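Here is what each chain is made of, one letter per residue.
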Amino acid sequence: MSDPQIVASVLGADYSRLGGEVLDLTAAGVDRIQWDIMDGHFVPALTFGSDVVGACRPYVTVPFEAHLMVADPDPVLADFAAAGCETIIVHVEACPHLHRTLSRIRDLGARAGVAVNPSTSLDFVPYVLDQLDHVLVMTVNPGFGGQDYIEAMEKKVSEAREIVRASGRLIQIEVDGGISADTAAGARRSGAELLVAGSALLTHPAGKRAAVEDLHRVLADAPAAP
Ligand code: DX5
């Protein structure tokens, strides 16, 4: 399993200076930026579209990932690929034709990711292994930042790790929601390689760099899943 990476969610960023926030997060040492794309249907909130993502793309070099919390992701896949998202993550709950949707993401030149809500099982994963680069295990119910980490999801992270290990494929496992210095070690021990943090980075009293350093310190002491 690769070294843990910190992925910054911009959901809770200051939207009046979003480009500056992305620059600050990158300067603070995050490994990736996650764009929480919400349509007001799949989840109650409405956030930003691909134009906003594309506007920020030229200013930083870290990979962008689009987390599509939208009821119908197929029509917008190309927009987020064109905006410069290296990874596009769809929710299995919104994809009746997931196998085809993941294939289309790859055809667009992006890494194909699937996200699963807390109540959703991983029983579909073995049937899309050949189309998959990334599994996102939600550790909160999607739609809002600042929620409590659902520790029970660590079992699902471990299940995902075992499926990926048995497949022999290079599929990355990510967690998202309630990740902080208090919860990151448990997620890592369960098998997460990518940890999405929003509030923990954006509201840290000592600033974004200190927040990243705190997470790396905790993760350095957390043994990776066997
Ligand atoms: C939920 C969102 C959040 C966000 C990070 O739909 O996906 O998980 O990225 O939120 P916190 O503030 O919990 O790190």
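This write-up is about the structure you can find in this document. Predicted model only: the values in this text are computed from it and were never measured.

Points about the site of the ligand
As a matter of local geometry, the ligand sits amid 18 residues, with Asp-36, Gly-143, Asp-176, Gly-198 and Ser-199 nearest to it. Note that an oxygen atom of the ligand is positioned 3.1 Å from one of the side-chain N or O atoms of Ser-9. Within the contact set of the ligand, an oxygen atom lies 2.8 Å away from a backbone nitrogen or oxygen of Gly-178. A total of 370 Å² of accessible area belongs to the ligand in isolation, and the protein chains cover 98% of it. At a threshold of 2 Å from the grid points, most atoms of the ligand map onto the largest pocket. Looking at the shell around the ligand, the elements that each hand over two or more residues are strand 2 (32–38) and strand 3 (64–69).

Some remarks on the layout of surface pockets
Computed from the structure, the largest pocket encloses a volume of approximately 320 Å³. Listed by contribution, the elements that provide at least two residues to the lining of the largest pocket are strand 2, strand 8 (194–197) and helix 7 (199–202). Per-element tally for the lining of the largest pocket: the top contributor is helix 7, with three residues. Here the residues of the lining of the largest pocket are counted per class, giving 12 nonpolar, 12 polar and two charged.

Structural notes on the pairing of strand 4 (residues 85–91)
Among the seven residues in strand 4, six count as buried, and that is most of the element. Relative to strand 4, strand 3 runs parallel, the two sharing five bridges. By the bridge assignment for strand 4, His-67 is matched with Ile-89. When strand 4 meets strand 5 (residues 111–116), the two strands line up parallel, connected through five bridges. Note on strand 5: the bridge partner recorded for Val-90 is Val-114. With helix 4 (residues 98–107) bridging strand 4 and its parallel neighbour strand 5, the resulting β-α-β unit is right-handed.

Some details on the state of the cysteines
Enumeration according to the criterion identifies zero disulfides in this entry. Counting only cysteine sulfurs, Cys-56 is the nearest neighbor of Cys-85, a cysteine outside any disulfide, at a range of 11 Å. Taking relative accessible area as the criterion, Cys-85 reaches 5% and is therefore assigned buried. With no disulfide partner, Cys-95 has as its closest neighbouring cysteine sulfur the one in Cys-85, 16 Å distant. A residue is classified by how much of its surface remains accessible, and Cys-95, at 7% relative accessible area, is buried.

Digging into the sheet that holds strand 6 (residues 134–138)
Around the barrel, eight strands lie side by side as 1-2-3-4-5-6-7-8; this closed barrel has parallel pairing. Each neighbouring strand pair of the sheet contributes to a mean axis angle of 25°, computed without reference to strand direction. In the sheet, strand 6 pairs with strand 7 (residues 172–176) via five bridges, with the strands oriented parallel. In the strand pairing of strand 7, His-134 is matched with Gln-172. In the packing of helix 1 (residues 18–27) onto the sheet, contacts are made with strand 1 (5–9), strand 2 and strand 3, and the angle to strand 2 comes to roughly 145°.

Structural notes on the side chain of Asn-117
One can find Asn-117 in the loop between strand 5 and strand 6. Since its relative accessible area comes to 13%, Asn-117 is described here as buried. Not counting residues up to four positions away in its chain, the partners in contact with Asn-117 are Phe-42, His-91, Glu-93, Met-138, Pro-142 and Lys-156.

Details of helix 4
Owing to its 3.6 residues per turn, the α-helix brings residues three or four apart onto one side. Residues of helix 4 that are buried: Leu-98, Thr-101, Leu-102 and Ile-105. Each buried residue of helix 4 sits inside an arc of 95° when the element is viewed along its axis, so together they form one side. The outward face of helix 4, more than 90 degrees from its buried face, is lined by the exposed residues Arg-100 and Asp-107. Tucked into the core, helix 4 has its buried residues touching helix 3 (77–82), strand 4 and strand 5. With its phi angle positive at about 90°, Gly-109 sits one or two positions after the end of helix 4.

Rules behind the numbers
- Residues numbered from 1 in each chain as written.
- Predicted model: local features only at pLDDT ≥ 70, side-chain atom pairs only at ≥ 80, totals over all residues.
- Heavy atoms only, no water.
- Near = heavy atom within 4 Å.
- Polar contact = N/O pair within 3.5 Å; in protein donor to acceptor, adjacent residues only side chain to side chain.
- Areas by Shrake-Rupley, 256 points an atom, 1.4 Å probe, with all protein chains shown as cover.
- 1 Å grid on protein atoms, 1.4 Å probe; cavity = no way out; pocket = protein on both sides within 12 Å on 5 of 7 lines; lining within 4 Å.
- Sits in = over half its atoms within 2 Å of the grid points.
- Helix = DSSP H or I, 4+ residues; strand = E, 2+ residues; numbered from the N terminus.
- Points joined across faces, edges and corners; volume = space filled by probe spheres on them.
- Nonpolar A, V, L, I, M, F, W, Y, C, P; charged D, E, K, R; others polar.
- Buried < 20%, exposed > 50% of the residue type's maximum accessible area, 1.4 Å probe, protein only.
- Pairing = 2+ DSSP bridges.
- Right-handed = clockwise from strand over helix to strand, strands pointing away.
- Disulfide = S-S within 2.5 Å.
- Axes fitted to C-alpha atoms, helices over the stretch in contact; angles between N-to-C directions.
- Contact = heavy atoms within 4.5 Å.
- Arc of directions from axis to C-beta.

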